[in-house]
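Here is how the chains run, residue by residue.
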Amino acid sequence: MDIPSYKIALIVGAGEGLSASLTRLLTREKIRVVLAARKVEKLGALCNETGARAYPCDATNPEEVERLFGLVEREIGTPDVVVYNASARARGPLVDLVPAEVQQSIAVSAFGGFLVAQQAAQRMLPNKQGAILFTGASASVKGYAQSAPFAMGKFALRGLAQSMARELSPQGIHVAHFVIDGAIRSAARQDPAERPDSMLDPDAIAASYWSVLQQPRSAWSWEIELRPWVETF
């Protein structure tokens, strides 16, 4: 089976939840991890724990995204796994939404994904190898009331991933979109006592990302849905 060997992973939109679980897993698999976020101060403990490097970056800014990839390339190496994990929400009744906040929500959830993916693909295509992974949500396939901006951004991100998969897979780049259908467990948000395992464990999600990265190219997934066993859908 032709399973690729990855060396450097870049996670954009990194935080203390799923990104941290991914960082720990990839580090255990001997992959060098680079993190990017608007505020890197929150990533200090994770970097100390795993040896990851963190860079500040506004994923909605084309110049900053291009600069990020240039810095990583010069100081560490060219990423062959890129994960886009950033998103933003603007909640409320449709008639009360602030246009500028809606614009920002869509920019973070979708446009930033395009900018990051474009820079990644430009570097992966010459080698005909690499993986670009996108973190979606329930809102990627279902628009909820009073959450139109999040659905707009996540629907667009899913469309980007599907289009990229059709274009880039035949050129050796594995593109995959993950529908995270449910709440992710964290230190601040635990399962209710009466509903154990009703939230997604971030370590379990990370294991599914790794499983996709290990797929032989004769049987690639472009999309996977993950939800707790009690989640309705």
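Note that the structure is predicted; figures quoted are calculated from it, not measured. (Residues numbered from 1 in each chain as written. Predicted model: local features only at pLDDT ≥ 70, side-chain atom pairs only at ≥ 80, totals over all residues. Heavy atoms only, no water.)

Chemist: Any chance you could break down the pattern of salt bridges for me, citing the residues and the numbers?
Modeler: Charged atoms that come close allow side chains of opposite charge to pair. Enumeration over the complete set of coordinates arrives at ten salt bridges. Salt-bridge contacts for glutamate 75 lead to arginine 53; the nearest nitrogen and oxygen are separated by 2.7 Å. In this pair, glutamate 75 sits in helix α3 (residues 62-75) while arginine 53 sits in strand β3 (residues 53-56), placing the two residues 22 residues apart along the sequence. Given the relative accessible area of 44%, glutamate 75 is considered partly exposed. Taking relative accessible area as the criterion, arginine 53 reaches 32% and is therefore assigned partly exposed. Across the pair aspartate 201 and arginine 185 runs a salt bridge whose closest N-O atoms are separated by 3.6 Å. Residue aspartate 201 is located in the loop between β6 (173-180) and α6 (202-213), and its partner arginine 185 is located in the loop between β6 and α6; the two are separated by 16 residues in the primary sequence. We classify arginine 185 as buried; its relative accessible area is 17%. (Salt bridge = Lys/Arg side-chain N within 4 Å of Asp/Glu carboxyl O. Helix = DSSP H or I, 4+ residues; strand = E, 2+ residues; numbered from the N terminus. Buried < 20%, exposed > 50% of the residue type's maximum accessible area, 1.4 Å probe, protein only.)

Chemist: Which residues make up the side chain of lysine 154, and what values do they have?
Modeler: Within the secondary structure, lysine 154 sits in helix α5 (residues 148-168). One buried charged residue, lysine 154, forms no salt bridge at all, with the nearest opposite charge on glutamate 223 at 11 Å. For lysine 154, the contacting residues outside a window of four places in its chain are Ala86, Ser87, Ser109, Thr135, Gly136, Ala137, Ala139 and Ser140. (Lys, Arg positive; Asp, Glu negative; His and termini not counted. Contact = heavy atoms within 4.5 Å.)

Chemist: An account of the nonpolar core is requested, with residue identities and associated values reported.
Modeler: Of all hydrophobic cores here, the largest spans 34 residues; its most connected members are Tyr84, Ile132 and Phe134. The set of elements that each furnish at least two residues to this core consists of β1 (8-12), β2 (32-37), α3, β4 (81-84), α4 (99-124), β5 (130-135), α5 and β6. Here the element with the most residues in this core is α4; it accounts for seven residues. Excluding residues within four positions of it along the chain, tyrosine 84 makes contact with Val12, Ala59, Val108, Ser109, Gly112, Gly113, Val116, Leu133, Phe134, Thr135 and Leu157. By size, the runner-up hydrophobic cluster in this structure holds 32 residues, among which are Ile11, Leu22, Val212 and Leu226. (Core = buried A, V, L, I, M, F, W, Y, C linked by side-chain atoms within 4.5 Å.)

Chemist: Which residues make up the state of the cysteines, and what values do they have?
Modeler: For the structure on display, the rule yields zero disulfides. Cysteine cysteine 47 is unpaired, with the sulfur of cysteine 57 as its nearest cysteine sulfur at 15 Å. Looking at cysteine 47, the relative accessible area reads 14%, which means it is buried. By relative accessible area, cysteine 57 is classed as buried at 5%. (Disulfide = S-S within 2.5 Å.)

Chemist: Report on the packing of aromatic side chains, specifying residues and quantitative values.
Modeler: Per the stated rule, a full pass over the model turns up two aromatic pairs. Judged by centre distance (6.1 Å) and plane angle (25°), the rings of phenylalanine 111 and phenylalanine 114 are stacked. In this pair, phenylalanine 111 and phenylalanine 114 are both assigned in helix α4, three residues apart and thus about one turn of the helix distant. The class for phenylalanine 114 is partly exposed, based on a relative accessible area of 34%. Ring centres 3.8 Å apart and planes at 10° place the aromatic pair phenylalanine 178 and tyrosine 209 in the stacked group. Separated by 31 residues along the polypeptide, phenylalanine 178 in strand β6 and tyrosine 209 in helix α6 bring together distant segments of the chain. This pair shows no difference in class: phenylalanine 178 is buried, exactly as tyrosine 209 is. Its guanidinium or amino end placed over the ring of phenylalanine 150, arginine 89 lies 3.8 Å from that ring's centre, counting from NZ or CZ. (Phe/Tyr/Trp six-rings, centres within 6.5 Å; stacked < 30°, edge-to-face > 60°. Lys NZ or Arg CZ within 6 Å of the ring centre and 35° of its normal.)

Chemist: Requested: an account of the pairing of β5, with residues and values cited.
Modeler: When you tally the buried positions in β5, you get six out of six residues, the bulk of the element. Side chains Gly130, Ile132 and Phe134 of β5 all project onto a buried face; the interleaved residues Ala131, Leu133 and Thr135 project onto the opposite face, where all are buried too. Where β4 meets β5, four bridges bridge the pair, whose relative direction is parallel. Across the sheet, the residue bridging to valine 82 is isoleucine 132, located in β5. (Pairing = 2+ DSSP bridges.)

Chemist: Describe the sheet that holds β2, listing the residues and the values that go with them.
Modeler: The seven strands are arranged β3-β2-β1-β4-β5-β6-β7 in an open sheet whose pairing can be described as parallel. Edge positions in the open sheet fall to β3 and β7 (223-226), since each of these has one partner strand only. Taking each pair of neighbouring strands and ignoring which way they run, the sheet shows an average axis angle of 20°. Pairing of β6 with β7, which is carried by four bridges, proceeds in the parallel orientation. The residue of β7 that forms the bridge with isoleucine 180 is leucine 226. In the packing of α3 onto the sheet, the strands contacted are β1, β2, β3 and β4, and the crossing angle to β3 comes to about 150°. (Axes fitted to C-alpha atoms, helices over the stretch in contact; angles between N-to-C directions.)

It is worth stressing that arrangement in space is one thing and function is another; only the former is reported here.
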